[in-house]
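Fold and contact review
So the chains spell out like this:
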Amino acid sequence: MIQASIVGASGYVGGELLRLLLAHPHVEVKQITSETYAGQFGYFVHPNLRGHTNLRFVPVADLAPCDLLFLALPHGQAMARIDGLAGMAERIVDLSADFRLRAPGDYARWYGHEHPAPGWLDRFVYGLPELHREELRGARYASGVGCNASVTILALWPLYRAGGLVREAVVEVKVGSSEGGAGETPASHHPERAGVVRSYMPQGHRHVAEIVQELGADRGAGWVHFSVTSVGTVRGALATCHCLLDQDLPEKEVWRLYRESYAEEPFVRLVRARRGIHRYPEPKILTASNYCDVGFEADPDNNRLVVIAAIDNLMKGAAGSAVQCANLMHGWPERTGLEFPGLHPV
């Protein structure tokens, strides 16, 4: 049994982490932090956890050493204090964007500021187990993965892994409101947000940096065009990827590529049925689960393959993957604490 603490536990991702860790057989949650809610019970902010914990939020200044530290802080905060935080725990999983990118210059380009601790970037393993499982085993530091990046990378990885197949990929991700976090903004005001289908980032989304980094995409081969649209759901992300191919790719070959990549993956499922209403991936049925469902449809007349992937953005796109990384870092079975299959109907 190890002791773990969550820094920034009052947000939606922090709440998901707390929910998962309270049921984890190898973890005791030692502390949860929040500057806003210091002194309040955790279930005051996360009412679903009533009866499951009597932990109270403490300020970061009162954080005590532990074995494993999860950082669920807003972007930019962990990078500014990483030296101090690293002294508090043997292992860290950071769920922000602060240590996702390998090249320091990418932070100036995509996040608008220089990275204050560039020497730490190579010490963090990019926290997507499907691509970095062996590096995560026994690692001390793992980064989070952007939810939009997670669903897109997992959709496209088998094609890019094969190399030379995709000329360009045009990706549209539809996301629920929880992606915006727990803080109120004019855009999250109920009359503005309810029932919306709002294209808020047609181009230039920050998660492109992760997608390009992990897929090895560039403008000469396999460049990814990426857009994000807010839709009137709370959870979920659905990526529709129009892959423009350099050659005809028979359906049998597509199946082979995806099965080779994902046949042994505990949290990636291939979904492509010939009948029924759930023929393709759908975020709704993945609610509170750590699965990514991936499916496809070929358009042979136009050398186009449409790949569809779905996740719960707070789980496989954040807290679930973080716990999956922690399992690998500590040598536990990868599924530990993550077996929940989702709900139907919701």
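Residues numbered from 1 in each chain as written. Predicted model: local features only at pLDDT ≥ 70, side-chain atom pairs only at ≥ 80, totals over all residues. Heavy atoms only, no water.

**So, the pattern of salt bridges**
Oppositely charged side chains may form a pair once their charged atoms are brought near each other. Applied cut-off: A carboxyl oxygen of Asp or Glu within 4 Å of a side-chain nitrogen of Lys or Arg is what we treat as a salt bridge. The secondary structure listing takes helices from DSSP runs of H or I that are at least 4 residues long and strands from runs of E that are at least 2 residues long, numbered from the N terminus. Between buried and exposed lies partly exposed: a residue is buried under 20% and exposed over 50% of the maximum accessible area for its type, with that area taken using a 1.4 Å probe on protein chains only.
Using the criterion set out here, one finds 19 salt bridges in the structure. Among the salt bridges present, the one from Arg19 reaches Glu16, with a minimum N-O distance of 3.0 Å. Residue Arg19 and its partner Glu16 are both found in helix H1 (residues 12-22); the two are separated by three residues, about one turn of the helix. The class for Arg19 is partly exposed, based on a relative accessible area of 24%. Two residues, Arg335 and Glu339, come together in a salt bridge whose shortest N-O distance is 3.9 Å. A single network of salt bridges, built from pairs that share partners, joins Glu16, Arg19, Arg235 and Asp312.

**Some words on the sheet that holds strand S9 (residues 223-231)**
Definition in use: By the convention used here, strands pair only if DSSP detects at least 2 bridges between them. To get an axis, a line is fitted to the C-alpha atoms, and for a helix only the part in contact is used. The angle between two axes follows their N-to-C directions and goes from 0 to 180 degrees.
The seven strands are arranged S8-S9-S7-S10-S13-S12-S11 in an open sheet whose pairing can be described as mixed. A single partner strand is all that each edge strand has here, and the edge strands are strand S8 (197-201) and strand S11 (268-270). Strand-to-strand twist of the sheet, defined as the mean angle between neighbouring strand axes without regard to direction, takes the value 25°. Relative to strand S13 (residues 304-311), strand S10 (residues 237-245) runs antiparallel, the two being bridged by eight bridges. Within S13, the position partnered with Ala239 by the bridge is Ala309.

**Quick word on the side chain of Thr287**
Which entries qualify depends on this criterion: Each polar contact in these results corresponds to two N or O atoms within 3.5 Å; when the atoms are within protein, one needs to be able to donate a hydrogen and the other to accept it, and residues that are neighboring in sequence are counted only if both atoms are side-chain atoms.
Assignment of secondary structure puts Thr287 in the loop between S11 and strand S12 (292-299). Polar side-chain contacts of Thr287 include one of 2.7 Å to the backbone oxygen of Lys284.

**Structural notes on the nonpolar core**
Put simply, the rule is: By nonpolar core we mean a set of buried residues, namely Ala, Val, Leu, Ile, Met, Phe, Trp, Tyr and Cys, connected to one another through side-chain atoms within 4.5 Å. Contacts are assigned to residue pairs that have any heavy atoms within 4.5 Å of one another.
Ranked by size, the top nonpolar core spans 74 residues in total, and within it Leu156, Leu159, Val224 and Val307 carry the most contacts. The element best represented in this core is helix H7 (residues 147-162), accounting for ten residues. The contact partners of Val224, leaving out residues within four places of it in the chain, are Leu156, Tyr160, Ala169, Val171, Ile211, Leu215 and Ala217. Judged by nonpolar contacts, the second largest core, of 38 residues, contains Ile6, Leu49, Tyr291 and Ala318.

**Here we look at the packing of aromatic side chains**
To be explicit about the condition: Each pair of aromatic rings taken from Phe, Tyr and Trp, with Trp reduced to its six-membered ring, is defined by centres within 6.5 Å and is described as stacked if the planes are under 30 degrees apart, edge-to-face if over 60, and tilted in the remaining cases. By definition, being over a ring means that NZ of Lys or CZ of Arg is both within 6 Å of the ring centre and within 35 degrees of the ring normal.
Considering all chains together, one arrives at twelve aromatic pairs under this definition. Note on Tyr37 and Phe57: the rings are 6.2 Å apart at their centroids and 40° apart in plane angle, and the pair reads as tilted. Residue Tyr37 is located in the loop between strand S2 (27-33) and helix H2 (42-45), and its partner Phe57 is located in strand S3 (residues 57-58); the two are separated by 20 residues in the primary sequence. Judged by relative accessible area, which is 29%, Tyr37 ranks as partly exposed. An aromatic cluster is built from Phe99, Trp120, Phe124 and Tyr141, whose rings are joined through pairwise contacts. The ring centre of Trp120 lies 3.9 Å from the NZ or CZ of Arg123, which sits over that ring.

**Let's talk about the side chain of Thr33**
Examined against the element boundaries, Thr33 turns out to sit in strand S2. Overall, the relative accessible area of 1% leaves Thr33 in the buried class.

**A word on the sheet that holds S3**
Strands sit in the order S3-S2-S1-S4-S5-S6 across an open sheet of six strands; the sheet is parallel. Two strands in the sheet have a free side with no partner beyond their single neighbour: S3 and strand S6 (141-143). Alignment of S2 against S3, held across two bridges, turns out to be parallel. If you follow Thr33 over to S3, its bridge partner there is Val58. The sheet strands contacting H1 are strand S1 (2-7), S2 and strand S4 (66-71), and the helix crosses S2 at an angle near 155°.

**Digging into helix H10 (residues 251-262)**
How we decide: Helix span is expected to be 1.5 Å times the residue number reduced by one. Each direction from the helix axis to a C-beta atom contributes to the arc, which is the arc of those directions.
Look at H10: 16 Å from first C-alpha to last across twelve residues, which is about the 16 Å you get at 1.5 Å a residue. Taken as a whole, H10 has its buried residues at Val254, Trp255, Leu257, Tyr258, Ser261 and Tyr262. Down the axis of H10, the buried set is contained in an arc of 165°. They therefore lie on one face. Exposed residues lying more than 90 degrees from the buried face of H10 are Lys252 and Glu260. Tucked into the core, H10 has its buried residues touching H7, S11, S12 and S13.

**Brief notes about a nonpolar patch on the surface**
The line we're drawing: By definition, no residue in a patch forms a salt bridge, and every one has over 30% relative accessible area; like charges are joined within 9 Å, nonpolar side chains (Val, Leu, Ile, Met, Phe, Trp, Tyr) within 5 Å. Calculation of accessible area relied on Shrake-Rupley with a 1.4 Å probe; when residues are assessed, cover is drawn exclusively from the protein chains displayed.
A cluster of nonpolar side chains, contributed by Phe340, Leu343 and Val346, occupies part of the molecular surface with about 260 Å² of accessible area. By the element assignment, Leu343 lies in the segment after helix H11 (315-330).

**Observations concerning the pairing of S9**
The element S9 is largely enclosed, with a buried count of eight among its nine residues. With eight bridges connecting them, strand S7 (residues 166-175) and S9 associate as parallel partners. Across the sheet, residue Glu172 finds its bridge partner in S9, namely Ser227. Judged from the four bridges that link them, S8 and S9 form a sheet pairing that is antiparallel. Looking across to S9, one finds that Arg198 is bridged to Ser230.

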